[in-house]
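# Commentary on secondary and tertiary structure
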Amino acid sequence: MKKGIVIVVNLDTRGEDIVFVKDLIAARGHDPILLDFSMEEPPPFPGDIRTEEVAARGGLPIEVVREKYRSDRDAATDNQIRGAAAIVDDLVRQGRVHGIIGIGGGTATLVATSIMKRLPFGMPKLMASPMAAHPAYVDQYVGTRDITMHHTVLDIVKMNPLLRAQIVNAVGAICGMVEMTQGTNIRFDKPCVAVSSFGFGEMAVQAALGMLEEAGFTPIVCHAQGKGDRAMEEMIRDGAFHGVLDICIGGVIEHLFKGNRDPGPDRLMAAVETGIPMVLAPCGLDILSYGGRADMLEKTKDRPQYVQDRLRVQVRTTADELRQAADVIAGRLNRARGPSDLSRADEGLVVAGPRGPADPRPAGRCGLRRAVARAAGRARAPQGSRPAPVHARVRARRGRRVRGTVPTGAGTGARRRRAGVAAMLVRNWMHPEPMTIPSDTLVSEAKRLISDNNLHALPVVDDGRLRGLVTRANLLRMGQFVLRTQDPDEFAFFVTRLRVRDVMVRNPATVQVNDTMEHCLRRGQELGVAQFPVMDGERVAGVISANEIFQLAAHCLGAWERRSGVTLAPTRLGPGVLGRITDVAEAAGAVLQGIYPIGSHGAQVVDEYPHKRVIIRFHAEDVSLVVGALEAAGFPVIEAVDARRHPQAA
């Protein structure tokens, strides 16, 4: 059967050398579709899809693209990616494309793989490039998609016998993939359950697979090495699974402490937010992967290590690191929209240690049990009792994804909004019922709306669903660029043609109305984001930005009140310490208004109790008496503020 194969290439610099690729594909009985995205100069011959078509579909005339290639190459490249991806999407819908191959250097690799990422799982995708093995870029090219990278070793500049051999191999590979592929319409006759796995959880995973199959499910194993568990999260959001048995959740702690298996900040959140049944186990929380990282290995040299090979070195986590991971896990499970459970099983979960992977010690002896117990104690079962196994929940819902609200009684008390109580929840601080715009709104109009209404951001909503976000800062920078160029064509394009969908942040990070403000603040710091759309299910219920965070901080610190205060030097906050500080201050005449332990972000904890500075805000007739009493009690004061006078050092 004749099948269509798209060839993505820039013919202006590689056309004469690459023309034989089309002939090779045709000789195999397939239909080659040459897509030219040339940006530098006119190509020596036209592609089947001309670069002029690609440029126009991206939103800019080819003449503007070529001009921008010299002055703003990133904008030119983005335009060609946008146009080429839209054209390939059309061809896929028409049933004309069965595979895609990209050939070229850095720019060609970026363009081709960006197109490939939009194509469905199972469609053959191959990139032949000297950049295929570049450690700094290959992650960006491939991400979590099923893209095959063919390392040509040689640059694709001038054809020679060595380079030709590599290109022929690449063409043979894509033709073979297209001829052998099962296609993208992959069907399952049983409900699918995602299972996370890696070496130290292998025994537990193997046992679980048999049990799931016996119960009538198809288990899909995802390797929890950072990319595999991130891909699992994306596939959960895409609706590929009906439940998840998340045995290896070590990615949570890997992200917190910059391990090699970091899956990103959203681990566990896909199941939490989509509501599919989830059962978790703590495998992987007791180790951090620092292989090949001389700086981290030196920093943790006093900890037990297990060396699998020179690239895989596992370092024991500390009790404080486990507590931090447990807090994250508990917080996420408490937000789950569907049934969830965290198992504390020891059997089948191997603890890495100096004696090797077969170390039979139970997880509790390295502090893991304590951390998991802490998380499990805070993450309560949805109905107040131990949940049924994951397969029973999937069957009870007939394999459908659960999109309902949080069941009554789910989560901690902080998630329940009591009448008359202003809890520290996002819903109480957000800007409610925000203005939204559709994706086909002109950018110039969006800029006007943001300026006229003094907004920080505008959610982009189509058919009731959040599609993206445009921010005040980005639109202002874009407008300033157009004004600075003083180019009439640029100005006309900005005012009359450029749409929000072309510049918005797609699939922006969000928070939920019942999230705590602490979670919102942590998430903003982790992602470097200053504003979030606030979701109530799938509806945009509000927007929260750094402005609201400042308001919260001002309320906590009493910014509009005249308070005196002191800051204590780092103090070991063991049992009763804050109570003693309060007693000493009040005995010296202070009327306390607030007490805030402040730790250093990312600081290591040397024992069970952290050392933190303590900020105290109070009313007092004589601040010096309070300072003297605290220091006499063994609490050194490093600064003092008297509301009646200017701040001064203690």
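Not measured: the values here are computed from a predicted model.

## So, the side chain of Asp642
Looking at the element boundaries, Asp642 is found in the segment after strand 24 (637–641). In this structure, Asp642 is in contact with Ser564 and Val623, ignoring residues within four places of it in sequence.

## Some thoughts on the packing of helix 22 (residues 577–587) against helix 23 (residues 623–632)
Relative orientation of the contacting elements helix 22 and helix 23 amounts to 140°, with a least axis distance of 8 Å. When the axes of helix 22 and helix 23 are compared, the pair comes out oblique. In the packing of helix 22 onto helix 23, the handedness of the crossing is right-handed. Contacts between helix 22 and helix 23 involve Ile581, Val584 and Ala585 from the first element and Val626, Ala629 and Leu630 from the second. A class-by-class count of the residues in the contact of helix 22 with helix 23 yields 6 nonpolar, no polar and no charged.

## Thoughts on the confidence of the model for the protein
Chain-level pLDDT for the protein is 80 on average; 81% of the residues reach the 70-or-more range. Across the protein, element-level confidence peaks in strand 3 (residues 99–103) with a mean pLDDT of 96 and bottoms out in helix 15 (residues 390–396) with 40. In this model, residues 345–372 is a region of pLDDT below 50 whose contacts with residues beyond four sequence positions or in other chains number 66 contacts. Confidence over residues 374–422 falls short of pLDDT 50; this stretch has 89 contacts with residues more than four positions distant or in other chains.

## Some points on the pairing of strand 21 (residues 564–572)
Burial analysis of strand 21 places 7 of its 9 residues in the buried class, the great majority of the element. Taken together, the 7 bridges between strand 21 and strand 23 (residues 611–619) define a ladder with antiparallel strand orientation. Along strand 23, the bridge assignment pairs Leu568 with Val614. One ladder, built from 4 bridges, connects strand 21 with strand 24; its direction is antiparallel. Bridging across to strand 24, Val566 finds its partner in Ala640.

## Looking at the sheet that holds strand 7 (residues 218–223)
Across the sheet, which stays open at both edges, the 5 strands sit in the order 7-6-8-9-13 with parallel pairing between neighbours. With one partner strand each, in any of the chains shown, strand 7 and strand 13 (340–342) form the two edges of the open sheet. Across the sheet, the mean angle from the axis of one strand to that of its neighbour is 15°, orientation sign disregarded. Pairing of strand 6 (residues 192–197) with strand 7, which is carried by 6 bridges, proceeds in the parallel orientation. Paired with Ala194 across the two strands is Ile220, which belongs to strand 7. Running over the sheet, helix 8 (residues 202–214) touches strand 6, strand 7 and strand 8 (243–248) and is turned about 170° from strand 6. Lying on the sheet, helix 9 (residues 227–237) is in contact with strand 6, strand 7 and strand 8; it crosses strand 7 at an angle near 135°.

Reading the values: the criteria
Once a new chain begins, its residue numbering starts again from 1 and follows that chain's sequence as written. Note on the predicted model: pLDDT of at least 70 is required for a residue's local features to be given, and 80 or more for side-chain atom pairs to be given and counted; whole-chain, interface and lining totals, by contrast, use all residues. The side-chain values count all of the structure's non-hydrogen atoms but skip hydrogen atoms and water molecules. Helix and strand definitions follow DSSP, with helices as H or I runs of at least four residues and strands as E runs of at least two, each counted in order from the N terminus. A contact between two residues is defined here by any heavy atoms of the two lying within 4.5 Å. Interaxial angles span 0 to 180 degrees and are taken between N-to-C directions of axes, which are lines fitted to C-alpha atoms, for helices over the stretch in contact. By definition in this entry, angles of less than 35 degrees are roughly parallel, angles greater than 145 are roughly antiparallel, angles of 65 to 115 are roughly perpendicular, and the rest are oblique. Each crossing is labelled by how the near helix is turned from the far one, with a counterclockwise turn of less than a right angle marking it left-handed and a clockwise turn marking it right-handed. For this scheme, ten residues count as nonpolar: Ala, Val, Leu, Ile, Met, Phe, Trp, Tyr, Cys and Pro. Four count as charged, namely Asp, Glu, Lys and Arg, and the remainder, Gly too, count as polar. One number per residue, pLDDT, summarises how confident the predictor is, and it ranges from 0 to 100. Here's how the labels work: a residue is buried when its accessible area is under 20% of the maximum for its type, exposed when over 50%, partly exposed in between, all with a 1.4 Å probe on protein chains only. The rule for pairing is simple: two strands pair if DSSP sees at least two bridges between them.

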